[in-house]
Amino acid sequence: MRGLWKLTVTAVARGVRHIPFRLHSGRPPAPLGARILTNPDDIFQHNMWDHVQWSPEEFEEARQKAEENSRERIPIEEQVRYDRDANMYWNGFYEMHQNKFFKNRQWLFSEFPELLPQGCEADHTSWGQESGVTDLNSQGGCHKDLLIDLPVLGQQQQHSSSNSAVKSHNSVAFPGQHASFRILEVGCGAGNSVFPIINTIRESNAFLYCFDFSSRAIQLVKEHPDYDPAVCHAFVQDVCDDAPLFPFPFESLDVILVVFVLSSIHPKRMQGVLNHLAGYLKHGGIILFRDYGRYDLSQLRFKIGQCLSENFYTRQDGTCVYFFTKDEVHQLFTNAGLEELQNLEDRRLQVNRGKKIVMHRVWMQSKYRKP
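So, a few notes on the structure that sits alongside this text. (Residues numbered from 1 in each chain as written. Predicted model: local features only at pLDDT ≥ 70, side-chain atom pairs only at ≥ 80, totals over all residues. Heavy atoms only, no water.)

Some details on the overall build of the chain
As a reminder of what qualifies: Segments assigned H or I by DSSP are reported as helices when at least four residues long, segments assigned E as strands when at least two residues long, and all are numbered from the N terminus. Relative accessible area decides the class of each residue, using a 1.4 Å probe on protein chains only: under 20% of the type maximum gives buried, over 50% gives exposed, and in between gives partly exposed. Note on definitions: a residue-residue contact is assigned when non-hydrogen atoms from the two residues lie within 4.5 Å. Each accessible area value is a Shrake-Rupley result obtained with a 1.4 Å probe; residue values ignore everything except the protein chains displayed when judging cover.
Along its length, the chain carries 11 helices and 11 strands. Relative to its 371 residues, the chain shows a buried fraction of 56%. For the chain, restricting intrachain contacts to residue pairs at least 6 apart in sequence, the fraction spanning at least 24 positions comes to 79%. Approximately 16200 Å² of the chain is accessible, and the part contributed by carbon and sulfur atoms is 49%.

A word on the packing of aromatic side chains
For clarity, the threshold we go by: Working definition: rings of Phe, Tyr and Trp (its six-membered ring) pair if their centres are within 6.5 Å, and the pair is stacked with planes under 30 degrees apart, edge-to-face with planes over 60 apart, and tilted otherwise. Geometrically, a lysine NZ or arginine CZ counts as sitting over a ring once it is within 6 Å of the ring centre and also within 35 degrees of the ring normal.
Per the stated rule, a full pass over the model turns up 21 aromatic pairs. With a centroid separation of 4.6 Å and an interplanar angle of 50°, the aromatic rings of Y209 and F248 are classed as tilted. Placement of the pair is Y209 in strand β3 (residues 206-212) and F248 in the loop between β4 (232-236) and β5 (253-259), with a sequence separation of 39 residues. When the ring centre of W107 is taken as origin, the NZ or CZ atom of R290, which lies over that ring, is 5.2 Å away.

Observations regarding the pairing of β5
The test is simple: Here, any two strands with at least 2 DSSP bridges between them count as paired.
Counting buried positions along β5 gives seven out of seven residues, so the element sits mostly inside the fold. Across three bridges, strand β2 (residues 181-186) lies against β5 in parallel orientation. Counted as the bridge partner of E185 is L257 from β5. Two strands pair when backbone bridges link them, and β5 and strand β6 (residues 281-292) are joined in this way by six bridges, in the parallel orientation. Bridge pairing in β6 places I256 opposite I287.

A short note on the sheet that holds strand β9 (residues 320-322)
Cut-off, in case you're wondering: Axes, fitted as lines to C-alpha atoms, cover a helix only where it is in contact. Angles between the N-to-C directions of the axes lie from 0 to 180 degrees.
On the basis of which strands lie adjacent, the open sheet formed by three strands has the order β7-β8-β9 and antiparallel pairing. Since the sheet does not close on itself, it has two edges, and those belong to β7 (307-309) and β9, each with one partner. Averaged over all neighbouring strand pairs, the angle between strand axes comes to 30°, with direction disregarded.

Notes on helix α7 (residues 194-201)
Of all eight residues in α7, seven are buried, a share of seventy percent or more. The inward-facing, buried residues of α7 contact α5 (108-111), β2, β3, α8 (215-223), β4 and β5. Just downstream of α7 lies E203, where phi reads positive at about 75°.

Here we look at the packing of helix α9 (residues 267-278) against helix α11 (residues 326-335)
Geometrically, a packed helix pair is captured by the angle between its two axes and the distance between the axes. Here is the rule: Note that the term roughly parallel is reserved for angles under 35 degrees, roughly antiparallel for angles over 145, roughly perpendicular for angles of 65 to 115, and oblique for everything else. In this scheme the crossing of two helices becomes right-handed for a clockwise turn of the near helix relative to the far one and left-handed for an anticlockwise turn of less than a right angle.
At a minimum axis distance of 8 Å, the contact between α9 and α11 shows a crossing angle of 45°. In terms of orientation, α9 and α11 fall into the oblique class. Viewed along their axes, α9 and α11 form a crossing whose handedness is right-handed. Here M270, Q271, L274 and N275 of α9 come into contact with α11, specifically with Q331, L332, F333 and N335.

Considering the nonpolar core
Counted only if it meets this: Definition used in this section: a nonpolar core is a set of buried Ala, Val, Leu, Ile, Met, Phe, Trp, Tyr and Cys residues joined via side-chain atoms within 4.5 Å.
Core analysis: the biggest nonpolar cluster contains 44 residues, and L108, F112, L115, V194, I197 and L208 have the highest contact counts within it. No other element matches the five residues that α7 contributes to this core. V239, L262, A336 and M364 belong to the second largest nonpolar core, which has 43 residues in total.

Quick word on unusual backbone geometry
One non-glycine residue, E251, adopts positive backbone phi at about 55°. For E251, the location among the structural elements is in the loop between β4 and β5. Overall, E251 belongs to the partly exposed group, its relative accessible area being 43%. In this model, F260 sits at a positive phi of 50°, which is unusual for a non-glycine residue. In this fold, F260 is placed in the loop between β5 and α9.

A look at the environment of R202
Cut-off, in case you're wondering: Any pair of nitrogen or oxygen atoms within 3.5 Å is treated as a polar contact; in protein, a donor-acceptor pairing is required on top of that, and neighbouring residues in sequence qualify only through side-chain atoms on both sides.
As for its position among the elements, R202 is in the loop between α7 and β3. By relative accessible area, R202 is classed as partly exposed at 28%. R202 sits 30 residues away from C232 along the chain, and the two C-alpha atoms are 9.7 Å apart. Discounting chain neighbours no more than four positions away, the residues touching R202 are D226 and D228. Side-chain polar atoms of R202 contact the side chain of N199, separated by 2.9 Å. A distance of 3.5 Å separates a polar atom in the side chain of R202 from the backbone oxygen of D226.

Re the pattern of salt bridges
How we decide: Salt bridge, as used here, is a side-chain nitrogen of Lys or Arg placed within 4 Å of a carboxyl oxygen of Asp or Glu.
Inspection of the entire model under this criterion finds 12 salt bridges. Residue R63 is joined to E67 by a salt bridge in which the shortest nitrogen-to-oxygen separation is 3.2 Å. Of the two residues, R63 and E67 both sit in helix α2 (residues 56-69), four residues apart, roughly one turn of that helix. Its relative accessible area of 42% is what places E67 among the partly exposed residues. For the salt bridge of D346 with R290, the shortest nitrogen-to-oxygen distance reads 2.9 Å. Of this pair, D346 sits in strand β10 (residues 339-352) while R290 sits in strand β6, and the two are 56 residues apart along the sequence. Here D346 falls in the buried class, since its relative accessible area comes to 1%. Accessibility expressed as a relative area gives 0% for R290, which makes it buried. The network of salt bridges with common partners includes E60, R63 and E67.

So yeah, pure geometry; function would need other evidence.
This is the structure:
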């Protein structure tokens, strides 16, 4: 099984003939990069190769590995602690790593130009960085709820409860009320998306909201020298609450950013979370999504005994992660009343040039708009 994510150069060479050739240019075209491996002799020239296609044998090997490490499930009576102690796990994570575990996501604006308000331009000098590389064990901003028989809140129920809230909230002043372009980041962690956005929208008529389940993470954001209350409002919130309290009205957001967050929520909670978030989008507003894909390297690395349910695992630090397929992503977002603009599976080869090994990475990247 180790051969799947520690491949030999010969194995890579066999797969190169399946990869379409793309012309390179000075500005990488979105989506998902343009560094295409066409000559296996060049494999160790870069740290990452884009648009990698798996052979049937590689796919089957990955499936078997995931089946093997999920065969033994954590007993239901033990799973409750991942719900009860979720805040402790995430605060502990940020207490240990501070803001040094992840790099700033400078790739955001090449993959998600929708984050840019009209008249703003991103700094493209960092476009060569590989997106998602540092998110092997990503943070989340949500309650890692592991209840077994959770009801999923329907859209009709949520909208009926939200209508009265809209009327009362619209008459109250709120942060960013004078902005013409509003962004929300769900599960902001220590600010690895926040600060590239802040530094881009400064001097524009845009405003950023960001929240996380971890109070320690929000403390780190607010202590950062680039944090500016004039353009950003950071707050502590559990998005899995039945009725999370946000400091802005319904139908007031242009963009919601959900990057490596939804995977940290129990699968039975995901639909309710997206249903609720969709209520805060303006008509024409968009959710930008990036997260782990099925059979990513990090899924195959889990040991037997770390599986909570199908494709849902707990890490050694108590945090949790789910691995998506395109069909699952599509169903979740369309069930929330959104229409698909993009739904991609990002398959890459991550290269350790020092050890001469290459590893399969799989991420999902999607864009869904509110009609």
